[in-house]
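Listed below, chain by chain, are the residues.
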Amino acid sequence: MTATSTRPPGAARPRRPRGALAAALLCAAGLLCAALLAGPLPFGDQRPAAQRGTPAAGPSGAASGPVPSPGAPGVGDPLLPLDGNGGYTVRRYTLAFDWRAPRTPFPAGATIDATATQALSRFHLDFAGNTLRQVTVDGERAKAVRDGDELVVTPARPIREGGAFTVHVDYTADPTQQRERDDAIRVYGWGPTPDGTVVCAQPNGAKMIFPVNDHPSLRAPVTFRITTPPGLTAVANGRLVERAGRPGGRIRWTYDSEHPVAAQLVQLAIGRFTFADSTGPRGLPVRDVVPDGLVGDTEDHRSRTAGHLAWLERRLGPYPFRRYGVLVGDTDLPVALETQSLSVVPRAVLLGDRVRAERDLVHELVHQWTGNSVAIRRWSDLWLSEGHARFYERLYSDAHGGPGLEDAMRAAYEQHDQWRRDAGAPAEPAEPTLFTVMRYDGSALVLYALREKVGEEVFEKIERAWVTTYRGRVAGTRDFVRLASRVAGEDLAPFLDAWLYGERTPPMPGHPDWQVDPVLS
Ligand SMILES: [Zn+2]
């Protein structure tokens, strides 16, 4: 995402992340780290075999197989340990939204096709706000208890390990729900507009939209069935599959995300929209979604997408999805977000200065490669997503009338020790400092340092290899360091680790005159 207000992302008040400090102190005492690090991970059950249950008859009377046990309430990401859930993977979400009017509660349903990765006595979904109606598992009424942002579902009978099951959650959705963060995200959740809504769920606000397994490393395809009153249009990630008439002149819009999508990248927008269709490189379908009254006034900036795609494809290879478009957000929300295959960009950006608008448009487009196609493994890998987006945003702007890349990087270098102190090193964020300037210019600076060290030609090979090797996959900081080392033919771990984790900013290769400003307390 990009903050588009005059206040830069890092200008949030520097503050000591109390949770992280407490964790650090407990870590020093050897108490909490073990608990956090031993938490369930998204890539398999980390518990000793003895705790996973032994073959025996389960409560359901199954003849054999592990004893059913509760799925974990989170995937164990140290920064947001309750995000995501353990014990199952989602194969598909089918979401039904029976939209009524802006800021008005409406009937909604989520069908979740999942596969158990352990024998489950119960399992969790991430779900916040809204009014819960009923939960079924495989058509049978299930016990559902809300505990904070967790929805704890106990099916009528346990689910065997490896078993496919279908959860259906009926609820009344509340499209006014939002939460706030004291970083570049500012506001997330539903984004009401004068005649409908957009959605900005990053980082973990999808649970306000639908019951979900919400972590950036967890992805599944989504089918959207959005029913609107006459005269309104609904859009979502991916392809418009069907537009069908319903009783009362209502219209049901069906979209298929086509690719698996992380919950934070889901888009769902309703309004009086015009589709502005064009094509990108190699005939890529580009469909902008524009509030009716803003089509002409936003056209100049929107029409630059084909050029942005071509410029990025020269650096990062083929665009990774089957279509793209810009959703013009008819909202005062000051942020743009890389919702998958349909980035939302606020109207003020598209009605404003060209250089500023192109920076945001390129930034969100870069994310389609880094962050969306190549998903992050943990929240501490966010530098890989935002650092790349900011690096190419600045590289593009440098060549198209914006500020010079080197000037921007030198300015970031000067402040880097301060940012390390205030927000953690690039790959060591605390939860409250996730989306601060260190993850943007501070992390673009790491990529700049890498380019200065290995040279432009090798750097470009690393970048191309990164988005190609991990296309459609999950990857983290160690994956990047290993891949960069392999492509460069030298062990870059000592160099990159100092940049990513060190307490002090390392010297900038090729710029011995660059100095880091002293840290102010
Ligand atoms: Zn971003």
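Residues numbered from 1 in each chain as written. Predicted model: local features only at pLDDT ≥ 70, side-chain atom pairs only at ≥ 80, totals over all residues.

Asker: Talk me through the nonpolar core; I want residue IDs and the actual numbers.
Answerer: In terms of nonpolar packing, the biggest core is built from 135 residues, with Val 199, Cys 200, Ile 209, Ile 226, Val 266, Leu 268 and Leu 327 touching the most fellow members. Beyond its immediate stretch of four places on either side in the chain, Leu 327 contacts Val 198, Val 235, Gln 267, Ala 269, Val 289, Leu 342, Ser 343 and Val 344. (Core = buried A, V, L, I, M, F, W, Y, C linked by C-beta atoms within 7 Å. Buried ≥ 20, exposed ≤ 12 C-beta atoms within 10 Å, placed from the backbone. Contact = placed C-beta atoms within 7 Å.)

Asker: How would you explain the environment of Phe 435 if you had to name every residue and give the values?
Answerer: Tracing the backbone shows Phe 435 in the loop between helix 8 (405–423) and helix 9 (441–454). Overall, the presence of 26 C-beta atoms within 10 Å leaves Phe 435 in the buried class. (Helix = DSSP H or I, 4+ residues; strand = E, 2+ residues; numbered from the N terminus.)

Asker: Talk me through the packing of helix 8 against helix 9; I want residue IDs and the actual numbers.
Answerer: Two elements in contact, helix 8 and helix 9, have axes whose closest approach is 9 Å; the angle formed by their N-to-C orientations is 115 degrees. In terms of their interaxial angle, helix 8 and helix 9 are classed as roughly perpendicular. The chirality of how helix 8 crosses helix 9 is left-handed. Facing Ala 408, Met 409, Ala 412, Tyr 413, His 416 and Trp 419 of helix 8, the residues of helix 9 in contact are Asp 441, Gly 442, Leu 445 and Tyr 448. (Axes fitted to C-alpha atoms, helices over the stretch in contact; angles between N-to-C directions. Parallel < 35°, antiparallel > 145°, perpendicular 65-115°, else oblique. Left-handed = near helix turned anticlockwise from the far one by under 90°.)

Asker: Before we move on, could you go through the packing of helix 9 against helix 10 (residues 456–469) and cite the residues and values that matter?
Answerer: Closest axis-to-axis distance for the helix 9/helix 10 pair is 6 Å, and the angle between their directions is 130 degrees. What the angle tells us is that helix 9 and helix 10 run oblique. As for how helix 9 packs across helix 10, the hand of that crossing is right-handed. Note on element contacts: helix 10 touches helix 9 through Glu 456, Val 458 and Phe 459, opposite Leu 450, Arg 451 and Val 454.

Asker: Go over the environment of Val 349, please, and point to the residues and values.
Answerer: Inspection of the secondary structure assignment puts Val 349 in helix 5 (residues 347–350). The spatial distance from the C-alpha of Val 349 to the C-alpha of Thr 298 is 9.1 Å, given a sequence separation of 51 residues.

Asker: Lay out the pairing of strand 22 (residues 285–291) with the relevant residues and their values.
Answerer: Looking along a regular strand, one sees side chains alternate from face to face of the sheet. The element strand 22 is largely enclosed, with a buried count of six among its seven residues. Both strand 21 (residues 273–279) and strand 22 contribute to a ladder of seven bridges, which runs antiparallel. Bridged to Ala 276 within strand 22 is Asp 288. (Pairing = 2+ DSSP bridges.)

Asker: Quick one: what's the story with the sheet that holds strand 7 (residues 140–141), residue by residue and with numbers?
Answerer: Across the sheet, which stays open at both edges, the eight strands sit in the order 7-6-10-4-3-15-18-17 with mixed pairing between neighbours. In this open sheet, the two strands that pair with only one neighbour each are strand 7 and strand 17 (239–245). Pairing between strand 6 (residues 131–137) and strand 7: two bridges, direction antiparallel. Along strand 7, the bridge assignment pairs Val 137 with Glu 140.

Asker: Please set out the pairing of strand 13 (residues 196–200) residue by residue, giving values where relevant.
Answerer: In terms of burial, strand 13 is a largely internal element, five of the five residues being buried. Along strand 13, one buried face is formed by Gly 196, Val 198 and Cys 200 and the opposite face, lined by Thr 197 and Val 199, is buried too. In this sheet, strand 13 lies alongside strand 12 (residues 187–193) in antiparallel orientation, the contact comprising five bridges. Bridged to Pro 192 within strand 13 is Thr 197. Counting the residues that bridge the hairpin from strand 12 to strand 13 gives two residues.

Asker: Hey, could you go over helix 12 (residues 493–501) for me, with residue numbers and the actual values?
Answerer: Taken as a whole, helix 12 has its buried residues at Phe 495, Leu 496, Trp 499 and Leu 500. One side of helix 12 carries all its buried residues, which in axial view fall inside an arc of 115 degrees. In this structure, the buried residues of helix 12 make contact with helix 9 and helix 11 (477–488). (Arc of directions from axis to C-beta.)

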